[in-house]
Every structure is written in structure tokens, then in C-alpha cells.
Amino acid sequence: MSENTDPKLDARAFRNALGLFATGVAIISAEVDGNKIGATVSSFNSVSLEPPLVLFSVARNAYGLPMWKAAKALAISVLGEHQVELSNRFARAAGSKWDGLDDRRATNGSPLPPDILMHLECRPYATYDGGDHEIFVCEVTRYTIHHPGALPLLFFSGRYRRLAHEDGERAPDDNLWLHGW
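Position numbers for residues count from 1 along each chain, tracking the sequence in the order it is written. Where local features are concerned, this predicted model is filtered to residues with pLDDT of at least 70; where side-chain atom pairs are given and counted, the filter is 80 or more; whole-chain, interface and lining totals use all residues. Excluded from the side-chain calculation are hydrogens and water; included are all heavy atoms of the structure.

A word on the sheet that holds strand 3 (residues 35-41)
Either a parallel or an antiparallel arrangement is found when strands of a sheet pair, and the pairing is made through backbone hydrogen bonds.
Right, on to step 1. Strands qualify as paired when DSSP identifies two bridges or more between them. Secondary structure elements follow DSSP: runs of H or I of four or more residues count as helices, runs of E of two or more count as strands, with numbering from the N terminus. Strands sit in the order 3-2-6-9-10-5-4 across an open sheet of 7 strands; the sheet is antiparallel. Bordering the open sheet on either side are strand 3 and strand 4 (45-48), each of which pairs with just one other strand. If you compare each strand with its neighbour and ignore which way they point, the axes differ by 35° on average.
Right, on to step 2. With 3 bridges connecting them, strand 4 and strand 5 (residues 53-59) associate as antiparallel partners. Pairing of S46 across the sheet is with V54, part of strand 5.
Right, on to step 3. Contacts were defined at the residue level, with two residues in contact if any of their heavy atoms lie within 4.5 Å. Helix axes are fitted only over the stretch in contact, all axes being lines through C-alpha atoms; the angle between N-to-C directions runs from 0 to 180 degrees. Relative to strand 3, helix 3 (residues 84-91) is tilted by about 115°, and along the sheet it contacts strand 2 (26-32) and strand 3.

So, the packing of aromatic side chains
Right, on to step 1. Stacked, tilted and edge-to-face are the three classes assigned to paired rings of Phe, Tyr and Trp, where Trp is represented by its six-membered ring and a pair needs centres within 6.5 Å; plane angles under 30 degrees give stacked, over 60 edge-to-face, the rest tilted. Counted according to the given criterion, the structure contains 4 aromatic pairs.
Right, on to step 2. Pairing F56 with W68 gives two aromatic rings, centres 6.2 Å apart and planes at 70°, and the pair type is edge-to-face. Linking F56 in strand 5 with W68 in helix 2 (residues 65-70), this pair joins segments that are 12 residues apart in sequence. The same class applies to F56 as to W68, namely buried.
Right, on to step 3. Where F155 meets Y160, the ring centres are 5.7 Å apart and the plane angle is 70°; that geometry is what we call edge-to-face.
Right, on to step 4. Type-normalised accessible area, obtained with a 1.4 Å probe on protein chains alone, sets the label of each residue: buried when under 20%, exposed when over 50%, and partly exposed for intermediate values. Judged by its relative accessible area of 30%, F155 falls in the partly exposed class.

A closer look at helix 3
Right, on to step 1. The set of residues buried in helix 3 consists of L86, S87 and F90. Mapping the buried residues of helix 3 onto a view down its axis gives an arc of 100°, with all of them on the same face.
Right, on to step 2. Tucked inside the fold, the buried residues of helix 3 contact strand 2, strand 3 and strand 12 (159-161). By definition, the arc is the one covered by directions from the helix axis to the C-beta atoms.

This is how it looks when you write it as C-alpha cells:
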């Protein structure tokens, strides 16, 4: 067991501890003033069913933060286990993330990366102070599942991961609140 009781947490150790929570990997994307923007995030969560809300966060020192704040429409694309290279491309701080990719668009005009498992089309709903990050809450206006049954790309303990098998234990159908819903 490892325990940290220091009131001032070491940032790297805290990040490593948070890395023990497995997440999916998604790319957020938008177009602002004719510029396509995109970023890989593992900080994507569901928030509410009524209204349909999701959230993601962006570091305050991110080059694109002003453009994310100006976006009127965006897409959140869930990556499949075969998309490590695409995740890495959009995780970079700057550069030509969209170069060489087909110009695919969601119905709200947001650019979409190729071969994604699904995407959510969103509009801004609220933003919140998240310390060294800004938290964006978005209302989902539409979604499309492109590859039903395909396996997601996961991130755990600083590494990309894959599901070992598809036939895990099923959560109870009758308990809506079991998982925060």
C-alpha cells in the first residue's frame, strides 16, 4: 500500500495515482474562424441524461484554449483500440494534426477524425474553473455510432491498453443509480 498524507501533493505522484483509473480515449474537435482544431483527451465523462450533457477538460496552458472557448459547435470522437497513432497525433501540442486526413464533417460542421467508433455532436453549455484546467460542459445534440461492437482504445497507468475480452460481468439492469446515473 502507498499512502500520501502530505497536504501539498506531489503533482507527478498524484498524476500516477489518477492513472490507476482506466479511461477511454477521445478526440475533441471543432472549427473556429476557418481553423480546424483537435485534441486527444482522456478527461471525457458523461454528466447528465436530462438534458444530455458531457464534459471534457483542457489545460489552461494549452495553445488552443482560446479557440476551444470560442467554439460554437464541436464533436467528441471515441477512438478504437487500433487508433494509437491517431491518438498520439492529436495529443501533440501544436502542428498540422489534420494534414493528410480526409475532410469528414459532423452535421454541425465539426471536423471528424477517420474510422472512429462513434461521435457526439455538441454545443457549449457551461465552463468551470478546474484549477490548472478549464472544464467544458457540452450539450449533446446528436450522436452517431460508426462501428457497433468494436473495441475502444483505453488508457491506464500511462499506457494505451486493450480489453482482454468482450464477455465481462454485466452490471445489473435494474439499478439506474449504480453508476452515477
